[in-house]
Amino acid sequence: MSVTQQELLQGLENPSFWKQRSLADWLWALLVTVGGGYAWSRYHTLMDDYETAILAGSTLALAVFGWLWRAVRPLTLAVAGLSLFAIGLYGTSLRAADDSFFLKFLLSSQSAIMWMSALFVMATVAYFIALAARSDYAGKVASALTWSAVVMGFTGMMVRWRESYLMGADIGHIPVSNLYEVFILFCLITALIYLFYEGRYRTRAMGGFVLLVISAAVAFLLWYAFTRDAHHIQPLVPALQSYWMKIHVPANFVGYGAFALAAMVGVAWLVRKRADRVAPQGFVATRLPPAEMLDDVMYKAIALGFAFFTVATILGALWAAEAWGGYWSWDPKETWALIVWLNYAAWLHMRLTRGWRGAPLAWWAIIGLFVTLFAFLGVNMFLSGLHSYGEL
Amino acid sequence: MKSSAQRSSPRRRSTPVALEFLGSMNLAITLLVAIAIASVVGTVLQQNQPYQDYLIKFGPFWFEVFDTLGLYDVYGASWFLAILAFLVLSTSVCIWRNTPNMLREMRQFHLNVRYNSLRAFHHKREWEAGAEPQALQQALAGWLQGLGYRTRARQDGGHYILAAVRGRYSKLGYFFTHAAIVVICVGALFDSGLPLMLREASGQLKPETRDIPASEVPAISRLPLSNPSFRGSVRIPEGSSANIVFLQLRDGYLVQPLPFSVEVKDFRIEHYATGQPRSFESDLVIHDPGLDAPVTRTIAVNHPWIYKGYAIYQASFSDGGTGLTLDAWPLRAADIQPLRLTGKVRASQPIDTPDGPMTLEFTDFRMFNINPVVDEEGREQQKNFGPNFTFRLRDAAGQAHEYETYMLPVEFEGRRFMLSGVRTSQAEPFRYLHIPIDEAGGIERFMRFHAMLFDDRRVLEIARRATDQSFGQLDEPVAVGQAQVVQSMLGLVKQFRGGGFDAIADMVGQRVPEGRRDEVLNAYFKVLQTILGELYVELLRAEGVDLSQGMREQDARFFDESLTAAAALGAYGSPFFFQLRDFDFVQASGLQIARAPGKNVVYLGFALLCIGVFLMFYVPNRKLWFWIERRGESSHILGAGTGHRHQRDFEREFETLCAQLDARWKTVTR
Ligand code: HEM
């Protein structure tokens, strides 16, 4: 028993965050930095100081994001590759979209978004097939379809960003400025959050449920595009010409996406619980993930959504202070953001301090989705106020 | 750990009931939900509209009820502020009661745990290792510190206890988030309307409800220069300046003086190629007695000017008194000479009309009117309808019609019309009159035709001519019958020019028994059509149109359109048609000027909130214990741990940690 402490410690891993970084991690960070630097060198004349800061911040965030979740790397590379290819094909004229095969059928923003829509719907079906047939293969196909949809969606957004500048230097803007564009963002973010949990919890059984809400969003998107011509790029109204939009809107949609996911997982929870009661060895009960896991995902998603929604609402208040002269005006959109926020604050209290679990929280998460939906759709449709853009 | 209720139970007994109640979670949740519901009410019922509109919408009874409940200004209502105050109070009590526990908990290592309690943990494992307990304890501590844990060890008789904690700041998250709520609410209180409400309640302040020049507003509706926080607005016409702003307060306003004056040199709207506005900008000059020379700056939406703590924002724009030149076409006479008038937006003037003396109030002028139009393929397109102006025509009794009239003809399906909308209350949409445009591009032909309807002599003559055929061959006494018929034909025309086809239908409805109404109405319409058609033919003849080949198609269309327009003129309600001939455009910039000293406090609260939420959700709090004792020739190690609120993640971490130890030591139990 005369072992030295040195020997006792030997072989025990002691990985600090920095020591855990592999060569690939650093290469990734380098690549992202080079990409950010290149974007800056090309476009800094169009950017103000805040936008430069946002670019730097996003570059850093992407580097770290890629460290924490490896799958982000191929995703980013695919989106960057396809977007650059499409932008190259466009050159300096939007008319290229009529002549180039790739643009016309694949990569012009409109085509890419149609592909995204189709892929999401196919993925939804595939997830349910995988669930019903207990097919690992179908599950892999479903995941691949979802990833592809995300790639096409982000590519579509990037290309749309470029297209807006091709329409006219003064028209160009980041595509998060109207209901059509943010609905795409919603689909993409919800899918990404889902894919994260899919990897983290190693189950594809929630996929169909979550993708249902994405498919519903896709249906709305298509209806909106075909009946209201909403897919045309519109110039920005003066109220939206601000760097705040670049951070406020995406932060909001991480919140909305996470809340939507939580609600759908809540649905899965209820289905599973009911199946356990009615037929414990039945078709459903043996296929859906255990209720505790669903409960955990639901909590995680709401915590994530709450954190981002808090930040987004604060950013909104800061923006309002700049655009409307007051950080809070009780404008309907603001007020509904507060309602959503209070709702989830109450939800979190019930879970964390009262120890609530299961059915009431699942139902509450589902009701929460409707509250959220009203905040981001209903307000624009039914109430008027300072946020009166993106009307139906 | 366990729920906070259990944790703080020893303290609870000593807390007064009132605090117990205030700090209770149930109250907190109730308040959160109450605020949410009140907020819903405030968005569903549009806030701070003119009280007149509410009265019309709800009727006198409910108007009173809602007014008493403060529903027209929910967020300024005393009950709403009281709920907010309770929330602040409740949160404060909650912080005050929980924070000491949490701080203690943060510093705690719980070195006095017992062997058996550790064995009762969900996450635990036992090993056997061939080393001295002390050496093991030191090695483990070194390793865990490298992993980011803080450790404490204690030797107690024959055993060592090593406790390790990571993410203890997670506990501060609670404090930061809840303190943030209090800080934000307190900061916002500075900037809210509460100080004003208190002064109002004590009778020192009374909002002005009359629409009078600022200079005439009495002192009781004026605020002192020293008022620390306000948010008001003012519209300043180009070339003018202002040193006050108006604060909207329910159905009235207050006047807030500024220590400087703001001049608007120029207001500009820039447009995209598509016609939508691209920017709203004002060139401002501040004249401050404290400055040697005026300072200038251009502001735009999203680009305010912060001057000495006063933030000046581009909020809106409106007309600044555009000069208007109008033609007033008489609509109640055979006379077709229009009257030339001049006026100014936001000014009013008396006007003599066949319906008695009236007041003409010009309310607005708009240079561009981008409206959605559905094109031939059914697509919606944005189209600029050009300038229009709005005005009210008020009779001696105070009743007014509001009009919105375009200056230039607008094309619909290949035909051009002069558009003029009318409504009797702001709550209604405009109903549009379409006056057909003649070949010369004006409304003269329609006006001439319409004037003919008022030429009774001519109408009688046409009626007589029309009846001659049927009465001509008959005897003398029947001529009396003819005169009656002719008179009633004139009556029909009079009905029509007073109220269109509807007036005739109403008359028939009153005078003719049910079963015969359609028949009579049809006959009347035919007669009317004939007379009006004859009048129109006379008009065409007078214009020198050649009718030998019959009527040209466009003339026939024009007749139909004229009938529609003439029929609508009855409901139009104005004795004149005011046609805009020329204008001298002056705009006004709507500025919002605010002072919000509480803003920095609120922003501090925002920062606390972000930090707090991050700490709570993303700094996982983990605790590990190792109980190490000598058993015979070797050492026995019991490891256990818990991950506060992150049990699932903790399970994975615990597994990876144990896996490493499993590889070195003999695992006794899992
Ligand atoms: C708008 C108001 C409030 C918001 C947004 C809010 C937010 C939160 C959140 C998000 C949590 C969960 C964090 C966690 O522990 O992981 C929490 C916990 C908690 N809240 Fe609140 N809260 C509010 C008001 C209150 C009030 C008024 C009380 C007083 C009764 C209260 C008492 C608590 C307690 C006791 C916890 C548990 C802390 C712990 O055990 O770690 N909260 N709050």
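Look above for the structure.
Described below are features of the structure shown in this document.

1. Overview of the interface of chain B and chain A
- On the side of chain A, 68 residues touch chain B, which itself brings 66 residues to the contact.
- Note on chain B versus chain A: buried area summed over both sides is about 5,700 Å², and carbon and sulfur give 62% of it.
- At the boundary of chain B with chain A, the tally comes to two salt bridges.
- Remark: the boundary between chain B and chain A carries 15 residue pairs in polar contact (both at pLDDT 80 or more).
- Per element, the largest residue contribution to the side of chain B that touches chain A is 10 residues, and it comes from helix 4 (residues 25-44) of chain B.
- Its residues placed into classes, the side of chain B that touches chain A shows 33 nonpolar, 20 polar and 13 charged.

2. Re the sheet that holds strand 26 (residues 666-669) of chain B
All names here are of chain B.
- One open sheet accounts for six strands, arranged 2-3-24-25-1-26; its pairing is antiparallel. Sheet topology places strand 2 (150-156) and strand 26 at the edges, where each strand pairs with a single neighbour. Averaged over all adjacent pairs, the angle separating strand axes in this sheet is 20°, with direction ignored.
- Note: strand 1 (residues 123-129) against strand 25 (residues 634-644), seven bridges, orientation antiparallel. Residue pairing for strand 25: Lys124 is matched across the bridge by Ala640.

3. Some thoughts on the environment of Tyr406(B)
Residues and elements named next belong to chain B.
- Looking at the element boundaries, Tyr406 is found in strand 18 (residues 400-406).
- When neighbours within four sequence positions are excluded, Tyr406 is seen to be in contact with Asn369, Asn371, Phe385, Gly386, Pro387, Asn388, Met418, Leu419 and Tyr432.
- In terms of polar contacts, Tyr406 uses its side chain to reach the side chain of Asn371, at 3.3 Å.

4. Digging into helix 13 (residues 332-352) of chain A
- If you check helix 13 of chain A, its first and last C-alpha atoms are 30 Å apart, about what 21 residues at 1.5 Å a residue would give, namely 30 Å.
- Counting buried residues along helix 13 of chain A, 19 of its 21 residues qualify, which places the element largely inside the surrounding structure.

5. Points about the pairing of strand 7 (residues 277-287) of chain B
Residue and element names in this part refer to chain B.
- Note: strand 6 (residues 252-271) against strand 7, 10 bridges, orientation antiparallel. In the sheet register, Phe267 faces strand 7, and the bridge partner there is Ser282.
- What sits between the antiparallel neighbours strand 6 and strand 7 is a turn of five residues, in which Gly275 has the positive phi angle 105°.
- Pairing between strand 7 and strand 8 (residues 295-300): six bridges, direction antiparallel. Residue pairing in the sheet places Ser282 in a bridge with Ile299 of strand 8.

6. Regarding the sheet that holds strand 22 (residues 576-584) of chain B
All names here are of chain B.
- The antiparallel open sheet is built from three strands, whose spatial order is 12-11-22. Edge positions in the sheet fall to strand 12 (339-344) and strand 22, since each has one partner strand and no second. Between one strand axis and the next, the sheet turns through 30° on average, direction left out of account.
- Bridge count between strand 11 (residues 323-330) and strand 22: eight bridges; the pairing is antiparallel. By the bridge assignment, Asp327 is partnered in strand 22 with Gln579.

7. Thoughts on the coordination of the iron atom of the ligand
- His349(A) (NE2) and His178(B) (NE2) make up the full set of protein donors to the iron atom of the ligand, lying at 1.8 Å.
- For the iron atom of the ligand, the six donor atoms are set out with angles of 87 to 179° between them, so the coordination reads as octahedral. Here the residue His349(A) occupies a position in helix 13, and His178(B) occupies one in helix 9 (residues 170-191), the pair thus bridging two chains.

8. Describing the side chain of Thr91(B)
All names here are of chain B.
- Structurally, Thr91 is set in helix 6 (residues 78-107).
- Residue classification places Thr91 among the buried residues on the basis of a relative accessible area of 8%.
- When neighbours within four sequence positions are excluded, Thr91 is seen to be in contact with His178, Ile181 and Val182.

9. Examining the site of the ligand
- Neighbouring the ligand are 24 residues, the closest being His349(A), Cys94(B), His178(B), Met616(B) and Arg645(B).
- One chain alone does not account for the residues near the ligand; they come from chains A and B.
- His349(A) places a polar side-chain atom, nitrogen or oxygen, 2.6 Å from a nitrogen atom of the ligand.
- Within the contact set of the ligand, a nitrogen atom lies 2.6 Å away from a side-chain nitrogen or oxygen of His178(B).
- Elements that contribute at least two residues to the shell around the ligand include exactly helix 13 of chain A together with helix 4, helix 6, helix 9 and helix 16 (599-618) of chain B.
- Split by residue class, the shell around the ligand holds 14 nonpolar, eight polar and two charged.

10. A look at unusual backbone geometry
- Positioned with a positive phi, Trp330(A) is a non-glycine residue whose angle comes to about 55°.
- One can find Trp330(A) in the loop between helix 12 (291-323) and helix 13.
- The backbone phi angle of Lys308(B) is positive, close to 50°, even though this residue is not glycine.
- Note that Lys308(B) resides in the loop between strand 9 (305-307) and strand 10 (310-319).

11. Points about the pairing of strand 17 (residues 388-395) of chain B
Residues and elements named next belong to chain B.
- The sheet contact formed by strand 14 (residues 356-366) and strand 17 spans eight bridges and is antiparallel. For Leu360, the partnering residue across the bridge sits in strand 17 and is Leu393.
- Summarising the sheet, strand 17 and strand 18 pair through seven bridges and their orientation is antiparallel. Residue pairing in the sheet places Asn388 in a bridge with Tyr406 of strand 18.

12. A word on the packing of helix 7 (residues 109-133) of chain A against helix 9 (residues 179-201) of chain A
Residues and elements named next belong to chain A.
- Here helix 7 crosses helix 9 at 40°, and the two axes come no closer than 12 Å. Taken together, the axis directions place helix 7 and helix 9 in an arrangement best described as oblique. The crossing of helix 7 and helix 9 is left-handed. Between helix 7 and helix 9, the residues in contact are Gln110, Ile113, Met116, Phe120 and Tyr127 and Tyr180, Ile184, Cys187, Leu188, Ala191, Tyr194, Leu195 and Glu198, respectively.
- Looking at the contact of helix 7 with helix 9 residue by residue, the classes come out as 11 nonpolar, one polar and one charged.

13. Focus on a nonpolar patch on the surface
- A contiguous nonpolar surface patch, about 470 Å² in accessible area, is contributed by Phe17(A), Trp18(A), Trp26(A) and Leu68(A).
- The partly exposed category is assigned to Phe17(A), whose relative accessible area is 34%.

Criteria and cut-off values
- Residues numbered from 1 in each chain as written.
- Chains lettered and ligands numbered in written order.
- Predicted model: local features only at pLDDT ≥ 70, side-chain atom pairs only at ≥ 80, totals over all residues.
- Heavy atoms only, no water.
- Contact = heavy atoms within 4.5 Å.
- Buried area = accessible area lost by both parts, 1.4 Å probe.
- Salt bridge = Lys/Arg side-chain N within 4 Å of Asp/Glu carboxyl O.
- Polar contact = N/O pair within 3.5 Å; in protein donor to acceptor, adjacent residues only side chain to side chain.
- Helix = DSSP H or I, 4+ residues; strand = E, 2+ residues; numbered from the N terminus.
- Nonpolar A, V, L, I, M, F, W, Y, C, P; charged D, E, K, R; others polar.
- Pairing = 2+ DSSP bridges.
- Axes fitted to C-alpha atoms, helices over the stretch in contact; angles between N-to-C directions.
- Expected span 1.5 Å × (residues − 1).
- Buried < 20%, exposed > 50% of the residue type's maximum accessible area, 1.4 Å probe, protein only.
- Donors = N, O, S within 2.8 Å, 3.2 Å for Na, K, Ca; no water.
- Tetrahedral: all angles 85-135°; square planar, octahedral: opposite > 155°, others 65-115°.
- Near = heavy atom within 4 Å.
- Parallel < 35°, antiparallel > 145°, perpendicular 65-115°, else oblique.
- Left-handed = near helix turned anticlockwise from the far one by under 90°.
- Patch = residues over 30% accessible without salt bridge, like charges linked within 9 Å, V, L, I, M, F, W, Y side chains within 5 Å.
- Areas by Shrake-Rupley, 256 points an atom, 1.4 Å probe, with all protein chains shown as cover.

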